[in-house]
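Topology and contacts: notes
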Amino acid sequence: LALSGILFTQTGNGIVANNATEASLIGTGFGSTTLSPNFLVPGKTIRITASGLYETQLVPVTLNVRLRLGGLNGTVIQATGDQTPAGALTSQWWRYMTDVVCTTTGATGSIIGQSGWEHQTTPTAAPLYWAMTNLGVTLDTTTALIVQFTADWGAGVAAADSMMCTSFTLESIN
């Protein structure tokens, strides 16, 4: 289980605004978001932490936040599904953290991981959580896998709908 430590850390903001098409929230940074072929072995754990700010229009539309392995068209590892945040929000905080564990390898390898998208609706309110779980996802661990953290807004999206990722870190725990 060699190679532990920080694999990528973001230094420039990633933004998905006024966009009903799934797009990356990962900005520029140091390191790589690509896991090399055969990097994932049984027991290998990767941790992803991200945080930022989001805003919504008066009458909110749905938002779907996803973690993928294999790029923008890769395998969905975790997703909130279409959820509707509160309306008329400005510069509200959000955070995401997950540990993803490889359980089997090969062309039909598998990984597991649970998490949630934590977010505020007012500066003093307790955070809300949208669950992002998986009980096992099949993917080919013998190929290079690009880690992708994405979002998209639903139908009726407007300029006021935006999600900015100000911090994204990918690390290998073991």
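Look above for the structure.
Report follows, based on the coordinates. Note that the coordinates shown come from a computational prediction; the quantities given were computed from them, not determined experimentally. (Residues numbered from 1 in each chain as written. Predicted model: local features only at pLDDT ≥ 70, side-chain atom pairs only at ≥ 80, totals over all residues. Heavy atoms only, no water.)

1. Things to note about unusual backbone geometry
Peptide bonds are mostly trans, and most non-glycine residues show a negative phi. Even without being glycine, Asn-38 reaches a positive phi, approximately 65°. Within the secondary structure, Asn-38 is located in the loop between strand E5 (34-35) and strand E6 (45-55). In this structure, Ala-88 takes a positive phi of about 55° despite not being glycine. Along the chain, Ala-88 turns up in the loop between strand E8 (75-79) and strand E9 (92-104). (Helix = DSSP H or I, 4+ residues; strand = E, 2+ residues; numbered from the N terminus.)

2. With respect to the nonpolar core
Leu-35, Trp-117, Met-163 and Phe-168 are the most contacted members of the largest nonpolar core, which has 39 residues in total. Breaking this core down by element, the ones donating at least two residues are strand E1 (5-10), E6, strand E7 (63-69), E9, strand E10 (109-119), strand E11 (128-139), strand E12 (145-153) and strand E13 (162-172). In this structure, Met-163 is in contact with Gly-14, Ile-15, Val-16, Leu-25, Leu-53, Tyr-54, Leu-63, Val-65, Trp-94, Trp-117, Ala-151 and Trp-153, ignoring residues within four places of it in sequence. (Core = buried A, V, L, I, M, F, W, Y, C linked by side-chain atoms within 4.5 Å. Buried < 20%, exposed > 50% of the residue type's maximum accessible area, 1.4 Å probe, protein only. Contact = heavy atoms within 4.5 Å.)

3. Considering the side chain of Gln-120
Along the chain, Gln-120 falls in the loop between E10 and E11. A polar side-chain atom of Gln-120 sits 3.4 Å from the main-chain carbonyl oxygen of Thr-122. Beyond its immediate chain neighbours, meaning those up to four positions away, Gln-120 contacts Tyr-54, Leu-89, Gln-92, Trp-93 and Ala-125. (Polar contact = N/O pair within 3.5 Å; in protein donor to acceptor, adjacent residues only side chain to side chain.)

4. Observations regarding the pattern of salt bridges
In this structure the tally under the stated criterion is 5 salt bridges. Between Asp-152 and Arg-66 there is a salt bridge whose closest N-O contact spans 2.4 Å. Note that Asp-152 is positioned in strand E12 and Arg-66 in strand E7, a separation of 86 residues in sequence. One exposure class covers both Asp-152 and Arg-66, and it is buried. The partner of Glu-118 in a salt bridge is Arg-95, with the nearest N and O atoms 2.6 Å apart. (Salt bridge = Lys/Arg side-chain N within 4 Å of Asp/Glu carboxyl O.)

5. A look at the pairing of E6
Summarising the sheet, E6 and E9 pair through 10 bridges and their orientation is antiparallel. Counted as the bridge partner of Leu-53 is Trp-93 from E9. By the bridge criterion, 10 bridges tie E6 to E13 in an arrangement that is antiparallel. By the bridge assignment for E13, Arg-47 is matched with Glu-171. (Pairing = 2+ DSSP bridges.)

6. So, the packing of aromatic side chains
Counted by the stated rule, this structure contains 7 aromatic pairs. Judged by centre distance (6.2 Å) and plane angle (35°), the ring pair of Trp-94 and Trp-117 falls under tilted. Pair noted here: Trp-94 is in strand E9 and Trp-117 is in strand E10, with a separation of 23 residues, a long-range link. Residue classification places Trp-94 among the buried residues on the basis of a relative accessible area of 0%. Taken together, Phe-8, Tyr-54, Trp-94, Tyr-96, Trp-117, Trp-130, Phe-149 and Phe-168 form an aromatic cluster joined through their ring pairs. (Phe/Tyr/Trp six-rings, centres within 6.5 Å; stacked < 30°, edge-to-face > 60°.)

So, to be careful, I would describe these as geometric facts and stop short of saying anything about function.
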